[in-house]
Amino acid sequence: MNRFSILVLSALVILFSSCEEQVPPGLDLGGGGAVADDSTYQASIEVPQDKNVLIEEVTGVACTNCPDGARQLKSIVSQNNDQGIMVAIHGTGFAEPYNESKYDFRTVDGTDIINSLGQPALPAASIDRIPDANGVFYRSKSEWSTILTNRVNNLPTPVNIHLEGNYNVDNNQYELVTRVALTKSYSGKLNLTIYVLEDGIKDYQLDNQVKLQITNMTMFSEIV
């Protein structure tokens, strides 16, 4: 049985960097009939939560080295107390399904993200959507461990994110309630992103030059 995950992320988790998070253009609330309501509140300052790093890996069923990259990322996250959220975005020419594929893992939102952050050489991953000194968002495998470990250990987040969800089987709707609590003063622009992911999907994937049926994770949609 496939598992669905709702992940709430925020640009707030990376505010202590000298660079700003890149928000892909064209991603807006309303895809799939979503509606939103929001409000503000005042409360006692909360103790900061542990920082979680956003890892957006670009992959594709024909990318033979991408499964090794995903396994490496999973190992790095495990070494850092599981303080990393991995999202697999199936894009670029490597993501076109095989004739025998059951699914097409490509999404419009995924393509928008890749185009916004820059076409990478695979395997590649964006970590917290922070570019390097040359403005490059997608980092190579050799950089992943150093960047992720540094962000987990040295960059506390100034915001706590709380999430409650309720799925209504009768009308096939999901209600999400997110509460974002600042843990220190901040006056800049903030962005809230909600990912809807599914894992446990078994389909064909090229893995070290062998086409296998392996389990994939895919991003269904993003709401900003």
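Residues numbered from 1 in each chain as written. Predicted model: local features only at pLDDT ≥ 70, side-chain atom pairs only at ≥ 80, totals over all residues. Heavy atoms only, no water.

J.: It is not clear to me how the overall build of the protein chain should be interpreted in this structure. Could you clarify?
T.: What the protein chain contains, in helices and strands, is 3 helices and 9 strands. Put simply, the protein chain runs from its N terminus to its C terminus through helices and strands in the order β-β-α-β-α-β-β-α-β-β-β-β. When burial is assessed residue by residue, the protein chain has 41% of its 224 residues classed as buried. For the protein chain, restricting intrachain contacts to residue pairs at least 6 apart in sequence, the fraction spanning at least 24 positions comes to 70%. Only carbon and sulfur atoms are counted for the fraction: they give 48% of the accessible area of the protein chain, which is about 12500 Å². (Helix = DSSP H or I, 4+ residues; strand = E, 2+ residues; numbered from the N terminus. Buried < 20%, exposed > 50% of the residue type's maximum accessible area, 1.4 Å probe, protein only. Contact = heavy atoms within 4.5 Å. Areas by Shrake-Rupley, 256 points an atom, 1.4 Å probe, with all protein chains shown as cover.)

J.: Is there a simple way to explain the packing of aromatic side chains in this structure?
T.: The way to describe two aromatic rings as a pair is by their centre distance and the angle between their planes. With the rule as written, the count across this model stands at 2 aromatic pairs. Sitting over the ring of Y98, K211 keeps its end group 4.1 Å from the ring centre. (Phe/Tyr/Trp six-rings, centres within 6.5 Å; stacked < 30°, edge-to-face > 60°. Lys NZ or Arg CZ within 6 Å of the ring centre and 35° of its normal.)

J.: Mind showing me how you'd approach the pattern of salt bridges here?
T.: Side-chain pairing between opposite charges can occur once the charged atoms of the two side chains come close. With the rule as written, the count across this model stands at 9 salt bridges. Here R139 makes a salt bridge to E143, at a shortest N to O gap of 3.9 Å. The exposure class of R139 is buried, given its relative accessible area of 10%. Classification of E143 as partly exposed rests on a relative accessible area of 29%. (Salt bridge = Lys/Arg side-chain N within 4 Å of Asp/Glu carboxyl O.)

J.: Is there a simple way to explain helix α3 (residues 141-154) in this structure?
T.: One turn of the α-helix equals 3.6 residues, which is why residues spaced by three or four share an orientation. Its 14 residues give α3 an end-to-end C-alpha distance of 21 Å, which sits within 8% of 20 Å, the value for a rise of 1.5 Å per residue. Taken as a whole, α3 has its buried residues at W144, I147, L148, R151 and V152. For α3, the arc enclosing every buried residue in end-on projection is 125 degrees, short of the 170-degree limit, so these residues lie on one face. Of the residues in α3, the exposed ones pointing more than 90 degrees away from the buried face are S142, T146 and N153. Where α3 is buried, its residues contact β2 (53-59), α1 (66-79), β4 (124-127) and β5 (138-139). (Expected span 1.5 Å × (residues − 1). Arc of directions from axis to C-beta.)

J.: Is there a simple way to explain the nonpolar core in this structure?
T.: Within soluble globular proteins, side chains that are nonpolar generally end up buried alongside one another. One finds V87, I89, I113, L122, Y138 and Y195 to be the most contacted residues of the largest nonpolar core, which totals 15 residues. Listing elements by their share of this core, those giving two or more residues are β2, β3 (84-90), α2 (108-117) and β8 (192-207). At 3 residues, α2 tops the list of elements feeding residues into this core. Core analysis: the next-biggest nonpolar cluster, separate from the first, contains 11 residues, V53, L73, I76 and A125 among them. (Core = buried A, V, L, I, M, F, W, Y, C linked by side-chain atoms within 4.5 Å.)

J.: Whenever I open this one, unusual backbone geometry confuses me. Can you help?
T.: A negative phi angle is the norm for most residues apart from glycine, just as the trans form is the norm for most peptide bonds. Residue P123 is reached from L122 by a cis peptide bond, and omega for that bond is 0 degrees. Locating P123 in the fold gives a position in the loop between α2 and β4. In this structure, Q209 is a non-glycine residue whose phi angle is positive, near 70 degrees. Along the polypeptide, Q209 turns up in the loop between β8 and β9 (210-223). On the basis of relative accessibility, which here comes to 61%, the residue Q209 falls in the exposed class.

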